[in-house]
4 protein chains.
Amino acid sequence: MSWNTFGRLLRVTTFGESHGPAIGAIVDGCPPGIPLSEDDIQPYLDRRRPGQSRFTTQRREADRVRILSGVFSDDVITEQVTTGTPIALLIENTDQRSKDYSEIRDRYRPGHADYTYEAKYGIRDYRGGGRASARETACRVAAGAVARRIIPQVEIRAALVQMGPHRINRDNWSWAEVDSNPFFCPDAEAVKVWEEYLDSIRKSGDSVGAVVEVIASGVPAGWGAPVYARLDQDIAAALMSIPAAKGVEIGAGFAAAAMTGSEAADEMYIHDGEVRFTKNNSGGILGGISSGQDIIARMAVKPTSSILVPRRTITRGREEAEVITKGRHDPCVGIRAVPVAEAMMALVLADHYLMHRGQTGRG
Amino acid sequence: MSWNTFGRLLRVTTFGESHGPAIGAIVDGCPPGIPLSEDDIQPYLDRRRPGQSRFTTQRREADRVRILSGVFSDDVITEQVTTGTPIALLIENTDQRSKDYSEIRDRYRPGHADYTYEAKYGIRDYRGGGRASARETACRVAAGAVARRIIPQVEIRAALVQMGPHRINRDNWSWAEVDSNPFFCPDAEAVKVWEEYLDSIRKSGDSVGAVVEVIASGVPAGWGAPVYARLDQDIAAALMSIPAAKGVEIGAGFAAAAMTGSEAADEMYIHDGEVRFTKNNSGGILGGISSGQDIIARMAVKPTSSILVPRRTITRGREEAEVITKGRHDPCVGIRAVPVAEAMMALVLADHYLMHRGQTGRG
Amino acid sequence: MSWNTFGRLLRVTTFGESHGPAIGAIVDGCPPGIPLSEDDIQPYLDRRRPGQSRFTTQRREADRVRILSGVFSDDVITEQVTTGTPIALLIENTDQRSKDYSEIRDRYRPGHADYTYEAKYGIRDYRGGGRASARETACRVAAGAVARRIIPQVEIRAALVQMGPHRINRDNWSWAEVDSNPFFCPDAEAVKVWEEYLDSIRKSGDSVGAVVEVIASGVPAGWGAPVYARLDQDIAAALMSIPAAKGVEIGAGFAAAAMTGSEAADEMYIHDGEVRFTKNNSGGILGGISSGQDIIARMAVKPTSSILVPRRTITRGREEAEVITKGRHDPCVGIRAVPVAEAMMALVLADHYLMHRGQTGRG
Amino acid sequence: MSWNTFGRLLRVTTFGESHGPAIGAIVDGCPPGIPLSEDDIQPYLDRRRPGQSRFTTQRREADRVRILSGVFSDDVITEQVTTGTPIALLIENTDQRSKDYSEIRDRYRPGHADYTYEAKYGIRDYRGGGRASARETACRVAAGAVARRIIPQVEIRAALVQMGPHRINRDNWSWAEVDSNPFFCPDAEAVKVWEEYLDSIRKSGDSVGAVVEVIASGVPAGWGAPVYARLDQDIAAALMSIPAAKGVEIGAGFAAAAMTGSEAADEMYIHDGEVRFTKNNSGGILGGISSGQDIIARMAVKPTSSILVPRRTITRGREEAEVITKGRHDPCVGIRAVPVAEAMMALVLADHYLMHRGQTGRG
């Protein structure tokens, strides 16, 4: 985890701005011999792609991924597999609509990284937010698809469990429903409420926050480490590194603060010869190490800062001003954060799988 | 951040179990020429030390820190300063009361790392929890005291803002109050409620969770980075790596999920020629980079898993059993997490200060 | 330094095989505001490019570099500068001559990585050597050109000082001569001998080794560190990571083994108020830290293993066989290692410049 | 490899100055379940310990190692084993003879790090050389002993093959001889010459350089990686990080520069169904990956800079001066570098063993 690299043994380095010729990711440390082609990656990018409903930005990004290296096939090895060398993933930018950026060049948009970027670097690629653009997350999704292939025994799924003030009813949870609505919402009842709500938000030129929940099933007990390579720590870092994330929790999360010890601890028993827990307040992680239960994490996503409602701000010349952000923005960027959160979870888990195998010799 | 090392340019490596001869930390990458003696570190350890009220464990840990290396003084340089080489901090264990561990050797305590540790390593130092012991956090506090000396312009303070279901009234916030009660609570009114509540929890042999808030003032705009060395990401990792942490949020945190964009974004204006913000929902971080506002983070701490209430569990031999954890335990481990959270914040910020200076040449 | 990443604060990640669509490098951690365009990089690639004389491989590699990210210009900032974000450098492969690889697919070429690659990964991209191809060094040269821009105060030059058994006469050293002959040789007298010698080697289908010397002038005293971030250690790693390198020495190097302490130590004096040394056996590095003298390193390059002389080997099926490597190979790969060695030196020095600035606040 | 940490998955962090209370090493990432006690480490420290003959410094350093953490035994697990958590190794300094340092405080000793240290840090622990002291290498030897336990299938041995101008006759090589003379010399004939030679050097108050050769047997084909985690690169870094090292070579090393391709490449054949090579010019490494042959590296060590022969130098006040280094110094520090070189080789190999297992699942 250094500037633009994430991970330890499985390392992802991303590059590119939304208005340059391309963005991309280098996935390093992938085991050899794993079947991998563009077809394994593209569906995940398609899930994240904007413009699929009226509830996401209407920008057109083809987001076609190309694998530039790290795979091999010939007339004997006919199914393309990884070689163990760096897998370069390239996504060309196609929708660089030439546009008038003079306003955002000179005015800092509240809630955006404009002001802090310039404070840090003294220079800022104001076209589309530079590296702070949500477009960088396409690279994460592509890299996450590779990570999934490394740990096929693990199923990683995410859903939107809260939009603005509206939470789902967990009793209605259906994974099938998640892929049937434009919100990745697991509760068909909530979908109706959210549609109406988000339409009104969108029409008012405003935006709204959300909560994403990610669940990984099939992780055996033993991944992670007790101190500074903790699984919960790495998941927290991974999710909090997603643009607009403002909070992360594992298992019971902040609700655990209000619990007593006798309520919180997941008791253990044996069922059919297997270790079982009575509940999962720990979110599948005890002492930084996986317990074999589902790993459960939630991430709070703030509302998109790009809105049509006029906001008070300052200019680069330190004058007061007003700014609105025209353009094609997501009224609830949390929606498109769902596949990104899955990808980051996949990257963390695949890395820990390799780390654990390295130290202990067990998978 | 690798196994037992935290940080990039300022790197802390900790070692030691609660029942071995000593624990310690190596702080590497500290700038040279910074005044540093044991007296700069000990007060922070004393704040964290147990046994200071009936609300923390009655274990006696002297927690005297010794600096073994990395500092220098002679008859010319009479004030001891850092030399730029690794600073080794050693804390000897004095209270290794010999005790009967046979029960916890064979039974996994629910909520503890016992089961996951053994799943990972195949072996477990069951005496006191090994590396999973909260005792490791004394090393963090000692290292954090060094980090504070690197960035004296930054003030880092933390407080307990929720105990069990009881939150403070933020209108009563007083930093002076924080050091006047056994809870690090900033609200004198809440103290009374908490005392009574925690007494009843303690007497029932149970425990309770809490929320810690950490605030760093004086960080200039520009520390951090936009993608995988984000300030918020690193704070999330730092806090989530503290034992018993289950959630982390920055600024408005999970509350941001329920906000609209027009509510959430902190507007900017000029006051006396200086950049100001109307509020601080961002928690002082925009796009992973500090904005010059106070950096605000909160951490949810679960209730201590060591309780006297009998819990259902299994043995190493996969038999069902019951377990209670006798001994001298914290009824609310969140209290002692307060100085630990400060220390982790200090380590993250000092590291980012050096990283920023390295890349840009500015402090 | 992890799998395919080199460096600490300035980090280069390379990817790509010689027979894929492209190779490339991501340069991360570059300071912002540094003027940088393709024109600053291309000349270094052109120096390394094969096919420029009969003494290097006749493969045609256009080696045109494109900067995909990390730079910015507009109508105000008219000279393109770095933004502090990752600089992606892409070089498309143009000469993927379709060729019959059946022989090298099944037979391990002695001196090549064929056998070890397959032992490691269980799979091998045999077309052009995969990652073991010298083509990867084009990425290093491109990244090194970026590194040079970070430390313009340092001049980094290299030369071939030995070809096969023939050494230069150091009294004839002329930097101007280095760019006037196809060998990067600083001794015009040696050039004549080498031409004749290498012609005979080439005609016999054989190859020959060489020694490259790299000199960096203008490094101030103070870069590096005393233990595991030593300047000499990092230079050794950097040069030894170049394909075909078999030895590295700093200053007097192996000759120092035969010296006495009174001969070896470079004495110090004052000249015109400045610190001077009587000689430079240390190669500009004392205790891992630069002394202000020229930094001098040498690298031994083994002869190209791809030769037309038949060699005894085995097949993948563990049968004995004979192999010759047809194709367009360098009779002395040490020649083209000269710009690569310069690039690696530049990367090490720029990284240490940033590290030193980070820790001490001084440039 | 960052400041004071060496390694990737197996990470060693050292601390301490020769004149502080203690030095030590933290070995992190060690697999669990490996038998380890002080008795496994102490013999290696004893080999390195000074004062064992008239040919090494007469300083008395007891060099008793204590394991502070990371191991476990009880009444069931009676043989102490590693737990997978950080192993802290502490060596107390006992011979801190109080001495007059006023001369070396003010005068830079040529060949020492005095001047560069002060240029870097602005401050210098002049007593005994601070971190630049050879005493730090005791930590490496202790950590190396742990590394050996991780890869018991590999035998790592080193010897002194050249002292000053006197090389061994390789036909006389006997490993048994290495432990029978004060030079770790494998050639009984050479021992006689060296004794006489080093006596004369010592009596004249001078010192002399040396070459150390390290050989690792039993490494299977497949450890290492092709680009920036090359086995040869890491060995070069490891050996060059030893104080006084000025050169490193692998296999034929610098001699390979004078060879032709047909001479250099080690041909392959099958013997009794096993892969064999006709010679070992590659030093057991092809393309950065082990070939299954012995791994062979050599390191050039410069003569000790601490000599009684007066040398010209300057003072901190930039005045010219003369300096001699009184005290108890090694006339040939290369001798004591032999166990250090073995230790560094062990650390590199154990790290690569874990890395290879992590990525590929194979040992």
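Residues numbered from 1 in each chain as written. Chains lettered and ligands numbered in written order. Predicted model: local features only at pLDDT ≥ 70, side-chain atom pairs only at ≥ 80, totals over all residues. Heavy atoms only, no water.

A look at the overall build of chain A
When helices and strands are tallied, chain A shows 9 helices and 18 strands. Against the compact-globule benchmark of 21 Å for 363 residues, chain A has a radius of gyration of 21 Å, which places it among compact chains. Each principal axis of the C-alpha distribution contributes one length, and for chain A these read about 65 × 55 × 40 Å. When burial is assessed residue by residue, chain A has 70% of its 363 residues classed as buried. For chain A, contacts bridging at least 24 residues in sequence account for 69% of all contacts bridging at least 6. As displayed, chain A offers around 11000 Å² of accessible surface, 46% of which is attributable to carbon and sulfur atoms. The distance from the centre of the 44 positive side-chain charges to the centre of the 46 negative ones in chain A is 6 Å. (Helix = DSSP H or I, 4+ residues; strand = E, 2+ residues; numbered from the N terminus. Rg over C-alpha atoms; globule rule 2.2 N^0.38 Å. Buried < 20%, exposed > 50% of the residue type's maximum accessible area, 1.4 Å probe, protein only. Contact = heavy atoms within 4.5 Å. Areas by Shrake-Rupley, 256 points an atom, 1.4 Å probe, with all protein chains shown as cover. Lys, Arg positive; Asp, Glu negative; His and termini not counted. Charge placed at Lys NZ, Arg CZ, Asp CG, Glu CD.)

Structural notes on the nonpolar core
By size, the foremost hydrophobic cluster in this structure holds 428 residues, and its most contacted members are Leu349 of chain A, Leu349 of chain B, Leu349 of chain C together with Leu349 of chain D. Those residues in contact with leucine 349 of chain A that lie beyond four places of it in its chain are Ile151, Val154, Ile156, Ala216, Val219, Trp223, Leu231 and Ile295 of chain A. (Core = buried A, V, L, I, M, F, W, Y, C linked by side-chain atoms within 4.5 Å.)

What about the pattern of salt bridges?
Following the criterion strictly, the structure yields 112 salt bridges over all chains and no others. The partner of glutamate 92 of chain A in a salt bridge is arginine 66 of chain A, and the shortest N-O contact between them spans 3.8 Å. Here arginine 66 of chain A lies in strand E4 (residues 65-67) and glutamate 92 of chain A lies in strand E7 (residues 87-92), a separation of 26 residues in the sequence. Close ionic contact of glutamate 213 of chain C with arginine 298 of chain C constitutes a salt bridge, the shortest N to O distance being 3.3 Å. Residue glutamate 213 of chain C is found in strand E10 (residues 210-217), and its partner arginine 298 of chain C is found in strand E16 (residues 295-301); the two are separated by 85 residues along the sequence. (Salt bridge = Lys/Arg side-chain N within 4 Å of Asp/Glu carboxyl O.)

As for the interface of chain C and chain B
Counting residues at the interface gives 13 residues for chain C, matched by 13 residues for chain B. Of the roughly 990 Å² buried between chain C and chain B, counting both surfaces, carbon and sulfur atoms make up 58%. Our count for the chain C to chain B interface comes out at 0 salt bridges. Counted by class, the side of chain C that touches chain B contains 6 nonpolar, 6 polar and 1 charged residues. (Buried area = accessible area lost by both parts, 1.4 Å probe. Nonpolar A, V, L, I, M, F, W, Y, C, P; charged D, E, K, R; others polar.)

Here's the deal with the interface of chain B and chain A
At the junction of the two partners, chain B supplies 106 residues and chain A supplies 106 residues. In this assembly, chain B packs against chain A so that about 8500 Å² is buried in total across both faces, 63% of it on carbon and sulfur atoms. Across the salt bridge formed by arginine 311 of chain B and glutamate 267 of chain A, the nearest N and O atoms sit 3.7 Å from each other. For strand E11 (residues 245-250) of chain A and strand E11 (residues 245-250) of chain B, the ladder comprises 3 bridges, and the chain directions are antiparallel. Bridging across to E11 of chain B, valine 248 of chain A finds its partner in valine 248 of chain B. (Pairing = 2+ DSSP bridges.)

Brief notes about the environment of phenylalanine 6 of chain B
Position of phenylalanine 6 of chain B among the secondary structure elements: in strand E1 (residues 5-6). Each C-alpha atom, one on phenylalanine 6 of chain B and one on valine 27 of chain B, is 9.6 Å from the other, the two residues being 21 residues apart in sequence.

Description of the state of the cysteines
Per the counting criterion, the structure on display carries 0 disulfides over all chains. With no disulfide partner, cysteine 30 of chain C has as its closest neighbouring cysteine sulfur the one in cysteine 139 of chain C, 17 Å distant. (Disulfide = S-S within 2.5 Å.)

Brief notes about the pairing of strand E8 (residues 155-163) of chain C
Residue and element names in this part refer to chain C. Counting buried positions along E8 yields 7 of 9 residues, so the element is predominantly enclosed. Where E8 lies against E10, 8 bridges are found, and the strand directions are antiparallel. From the neighbouring strand, leucine 160 faces E10, where its bridge partner is valine 212. Here 2 bridges tie E8 to strand E9 (residues 166-167), and the two strands are oriented antiparallel to one another. Bridge assignment links methionine 163 to a residue of E9, and that residue is histidine 166. Hairpin connection between E8 and E9: a loop of 2 residues separates the two successive antiparallel strands, and glycine 164 in this loop has a positive phi of roughly 55°.

Digging into the packing of aromatic side chains
Within a pair of aromatic rings, the relevant descriptors are the distance that separates the centres and the angle that separates the planes. One pass over the full model with this rule turns up 34 aromatic pairs over all chains. Summarising the aromatic geometry, the rings of phenylalanine 6 of chain C and tyrosine 228 of chain D are spaced 5.6 Å apart at their centres and angled 50° between planes, so their arrangement reads as tilted. Within this pair, whereas phenylalanine 6 of chain C is found in strand E1 (residues 5-6), its partner tyrosine 228 of chain D is found in the loop between strand E10 (210-217) and helix H7 (231-240), the two belonging to separate chains. Judged by its relative accessible area of 0%, tyrosine 228 of chain D is buried. Among the aromatic residues, those joined into a cluster by ring pairs are Tyr108 and Tyr115 of chain A together with Phe277 of chain B. When the ring centre of tyrosine 121 of chain B is taken as origin, the NZ or CZ atom of lysine 120 of chain B, which lies over that ring, is 5.8 Å away. (Phe/Tyr/Trp six-rings, centres within 6.5 Å; stacked < 30°, edge-to-face > 60°. Lys NZ or Arg CZ within 6 Å of the ring centre and 35° of its normal.)

Topic: the side chain of threonine 85 of chain C
Of note, threonine 85 of chain C is situated in the loop between strand E6 (81-82) and strand E7 (87-92). Engagement of the side chain of threonine 85 of chain C in a polar contact is seen with the side chain of threonine 83 of chain C, the distance being 2.6 Å. Those residues in contact with threonine 85 of chain C that lie beyond four places of it in its chain are Glu17, Tyr117 and Arg131 of chain A together with Val27 and Gly70 of chain C. (Polar contact = N/O pair within 3.5 Å; in protein donor to acceptor, adjacent residues only side chain to side chain.)

A closer look at the relation of the copies chain B and chain A
Between the two copies, chain B and chain A, the superposition gives an RMSD of 0.0 Å; the rotation angle is 180° and the shift along the axis is 0.0 Å. In the structure described here, the two chain copies are related by an operation that fits a two-fold rotation axis. (Least-squares fit on C-alpha atoms with pLDDT ≥ 70 in both.)

Quick notes on the pairing of E7 of chain C
All names here are of chain C. Summarising burial for E7: 5 of the 6 residues are buried, a large majority. Bridging between strand E3 (residues 22-28) and E7 involves 6 bridges; their strand directions are antiparallel. Residue valine 27 lies in a different strand from E7, and its bridge partner there is isoleucine 87. Looking at chain direction, strand E4 (residues 65-67) and E7 are connected through 3 bridges and run antiparallel. Looking at E7, one finds that isoleucine 67 is bridged to leucine 89.

Observations concerning the relation of the copies chain C and chain B
Least-squares fitting of chain C to chain B yields an RMSD of 0.0 Å, with the superposition described by an axial translation of 0.0 Å and a rotation of 180°. A high fraction, 100%, of the interface residues of chain C reappear at the interface in chain B, so the copies pair face to face through one surface.

Some thoughts on the side chain of histidine 112 of chain A
Among the secondary structure elements, histidine 112 of chain A is positioned in the loop between helix H2 (102-106) and helix H3 (114-121). Ignoring anything within four residues of it in the chain, the contact list for histidine 112 of chain A reads Ser305 and Ser306 of chain A together with Leu286 of chain B.

Thoughts on the sheet that holds strand E8 (residues 155-163) of chain A
The sheet built from 10 strands is open, its strands ordered E9(A)-E8(A)-E10(A)-E16(A)-E11(A)-E11(B)-E16(B)-E10(B)-E8(B)-E9(B) with antiparallel pairing. A strand with exactly one partner marks an edge of an open sheet, and here the two such strands are strand E9 (166-167) of chain A together with strand E9 (166-167) of chain B. Pairing geometry for E11 of chain B and strand E16 (residues 295-301) of chain B, over 5 bridges, is antiparallel. Paired with glycine 247 of chain B across the two strands is alanine 300 of chain B, which belongs to E16 of chain B. Across the sheet, helix H6 (residues 188-203) of chain A lies against E8 and E9 of chain A, angled at about 60° from E8 of chain A, the strand it touches most. (Axes fitted to C-alpha atoms, helices over the stretch in contact; angles between N-to-C directions.)

A closer look at helix H1 (residues 38-48) of chain C
Those residues of H1 of chain C that sit buried are Ile41, Gln42, Leu45 and Arg48 of chain C. One face of H1 of chain C carries all of its buried residues, which in axial projection span an arc of 115°. (Arc of directions from axis to C-beta.)

A few points about the sheet that holds strand E2 (residues 11-15) of chain B
All names here are of chain B. Spatially, 5 strands are ordered E1-E2-E3-E7-E4 in an open sheet, and the strand pairing comes out antiparallel. The open sheet has two free edges, formed respectively by E1 and strand E4 (65-67), since each of these has just one partner strand. Inspection of the sheet shows E1 paired to E2 by 2 bridges, in the antiparallel sense. Across the sheet, residue phenylalanine 6 finds its bridge partner in E2, namely valine 12. Set on the sheet, helix H1 (residues 38-48) makes contact with E4 and strand E7 (87-92); between it and E4 the angle comes to about 155°.

Details of unusual backbone geometry
At arginine 318 of chain A, a position not held by glycine, the phi torsion is positive, near 65°. As for its position among the elements, arginine 318 of chain A is in the loop between strand E17 (311-314) and strand E18 (320-323). With a phi close to 55°, phenylalanine 184 of chain D is a non-glycine residue in the positive phi region. By the secondary structure assignment, phenylalanine 184 of chain D is in the loop between helix H5 (175-178) and helix H6 (188-203). By relative accessible area, which is 9% here, phenylalanine 184 of chain D ends up buried.

Looking at empty space enclosed by the protein
Applying the stated criterion across every chain yields a total of 18 cavities of 30 Å³ or more. Empty space within the second largest cavity amounts to approximately 130 Å³. Lining the second largest cavity are 17 residues, and of these Ala264, Ala265 and Asp266 of chain C together with Gly111 and Lys302 of chain D lie nearest its centre. Of the residues in the lining of the second largest cavity, the class split is 7 nonpolar, 7 polar and 3 charged. (1 Å grid on protein atoms, 1.4 Å probe; cavity = no way out; pocket = protein on both sides within 12 Å on 5 of 7 lines; lining within 4 Å. Points joined across faces, edges and corners; volume = space filled by probe spheres on them.)

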